[in-house]
Amino acid sequence: MKHCGTQPLNSQRLLLRPFCKEDAAPMFRNWGSNPNVTRFLRWPTQQDVQTAETVINSWIEKYSEPDWYQWAIVPKDLNEPIGSISVVRYDDRTESMELGYCIGENWWNQGYTSEAMELVLAYLFQTVGANRIAARHDTENPGSGAVMAHAGMRYEGLQRQADWSNMGDHRDMVFRAILRSDPEAKRYLGE
């Protein structure tokens with residue numbers, strides 16, 4: 001893979017871009033402080049905007065690294081972030097990457113996460129050269145699985161007690177992935 005870092009990505013409704021310091025208040029307001037959003041995540045619900053500042057500052061420090069992928073999901077008509085999408089792990093040898101994402105509750109079921117996922121998949125396949133892009137979701141979070149399925153990620157299986165989240169220890173996880181050779185990937189390869 002050719003790591004190119006977090007580059008701005010555009011669709012009709014969205015701009016995916018690196019986070020900046022000014023995003024702390026929107027992060028806290030739009031998703032970080034909402035327990036309905038954070039319950040399936042590994043980081044706790046934010047109690048104050050300073051926590052969001054600390055998180056964003058840690059991300060900003062890594063943007064100079066070519067293998068750091070962390071985007072703010074910004075609707076163009078709102079001009080502030082409503083969530084994030086990132087590469088949470090990768091393996092150069094297998095040319096595989098795993099995505100994670102979250103979005104504010106006010107924007108659920110409006111296609112924003114699917115649109116962001118499609119932008120990132122196209123970038124990772126075309127520019128970075130990934131062969132396999134995966135994601136996982138808690139069995140009690142089927143909405144996240146719907147985003148993955150909509151993006152063309154195939155069901156690969158259930159792993160019992162394979163992860164943890166704010167819902168408690170030992171969570172059952174559904175694994176999905178899309179390969180460069182899958183017919184579903186053609187739309188991301190410009191074919």
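The name an unreviewed UniProt entry gives the protein is GNAT family N-acetyltransferase, with Candidatus Allofournierella pullistercoris as the organism.

## Describing the pattern of salt bridges
Counted under the stated rule, the structure contains 13 salt bridges. Among the salt bridges present, the one from E115 reaches R13, with a minimum N-O distance of 2.8 Å. With E115 in helix α4 (residues 112–128) and R13 in the loop between β1 (9–10) and β2 (14–17), this residue pair connects regions lying 102 residues apart in the sequence. Since its relative accessible area comes to 30%, R13 is described here as partly exposed. Residues R187 and E118 are paired through a salt bridge, measuring 3.4 Å at the closest nitrogen-oxygen approach. Note that R187 is positioned in the segment after β8 (168–179) and E118 in helix α4, a separation of 69 residues in sequence. Taking relative accessible area as the criterion, E118 reaches 23% and is therefore assigned partly exposed. The network of salt bridges with shared partners includes R42, R89, E98, R136 and D163.

## As for helix α5 (residues 142–150)
Buried within α5 are the following residues: S144, G145, V147 and M148. One side of α5 holds all its buried residues, which, seen down the axis, span an arc of 155°. Tucked inside the fold, the buried residues of α5 contact β5 (96–103), α4, β6 (132–138) and β8. At the exit of α5 stands G152, carrying a positive phi of roughly 95°.

## Quick notes on the side chain of Q46
Note on placement: Q46 falls in the loop between α2 (35–38) and α3 (49–62). Owing to a relative accessible area of 4%, Q46 belongs among the buried residues under this scheme. Not counting chain neighbours up to four residues away, the residues in contact with Q46 comprise M27, F28, G32, S33, T51, A52 and V55.

## Focus: the nonpolar core
By size, the foremost hydrophobic cluster in this structure holds 35 residues, and its most contacted members are L16, L99, M117, L121, L124, I133 and M153. Where this core is concerned, the elements lending two or more residues are β2, β3 (70–75), β4 (83–91), β5, α4, β6 and α5. It is α4 that contributes the most residues to this core, 10 residues altogether. Dropping the residues within four chain positions of it, L99 is found in contact with S86, V87, V88, M117, V120, L121, L124, I133, A134, A135 and M153. Among the nonpolar cores identified, the runner-up in size contains 14 residues, and W31, A52, Y63 and A72 belong to it.

## Examining the packing of α4 against α5
Two packed helices can be described by the angle between their axes and the distance between those axes. Two elements in contact, α4 and α5, have axes whose closest approach is 9 Å; the angle formed by their N-to-C orientations is 45°. One element, α4, and the other, α5, form an angle in the oblique class. Where α4 crosses over α5, the handedness of that crossing is right-handed. Counted together, T113, S114, M117 and E118 of α4 and V147, M148 and H150 of α5 form the full contact between these two elements. The class makeup of the residues in the contact of α4 with α5 is 3 nonpolar, 3 polar and 1 charged.

## Some details on the packing of aromatic side chains
For any pair of aromatic rings, the description rests on two quantities: the centre-to-centre distance and the angle between the ring planes. For the structure shown, the criterion picks out 5 aromatic pairs. Between F19 and W59, the aromatic rings sit 4.9 Å apart at their centres with planes inclined by 50°, giving tilted as the arrangement. In this pair, F19 sits in the loop between β2 and α1 (24–32) while W59 sits in helix α3, placing the two residues 40 residues apart along the sequence. Residue classification places F19 among the buried residues on the basis of a relative accessible area of 3%. The interplanar angle of 65° and the centroid separation of 6.4 Å between the aromatic rings of Y69 and Y123 together place this pair among those described as edge-to-face. Of this pair, Y69 sits in the loop between α3 and β3 while Y123 sits in helix α4; the two residues are 54 residues apart in sequence, bridging distant segments of the chain. The class for Y123 is buried, based on a relative accessible area of 6%.

The rules behind the values
- Residues numbered from 1 in each chain as written.
- Predicted model: local features only at pLDDT ≥ 70, side-chain atom pairs only at ≥ 80, totals over all residues.
- Heavy atoms only, no water.
- Salt bridge = Lys/Arg side-chain N within 4 Å of Asp/Glu carboxyl O.
- Helix = DSSP H or I, 4+ residues; strand = E, 2+ residues; numbered from the N terminus.
- Buried < 20%, exposed > 50% of the residue type's maximum accessible area, 1.4 Å probe, protein only.
- Arc of directions from axis to C-beta.
- Contact = heavy atoms within 4.5 Å.
- Core = buried A, V, L, I, M, F, W, Y, C linked by side-chain atoms within 4.5 Å.
- Axes fitted to C-alpha atoms, helices over the stretch in contact; angles between N-to-C directions.
- Parallel < 35°, antiparallel > 145°, perpendicular 65-115°, else oblique.
- Left-handed = near helix turned anticlockwise from the far one by under 90°.
- Nonpolar A, V, L, I, M, F, W, Y, C, P; charged D, E, K, R; others polar.
- Phe/Tyr/Trp six-rings, centres within 6.5 Å; stacked < 30°, edge-to-face > 60°.

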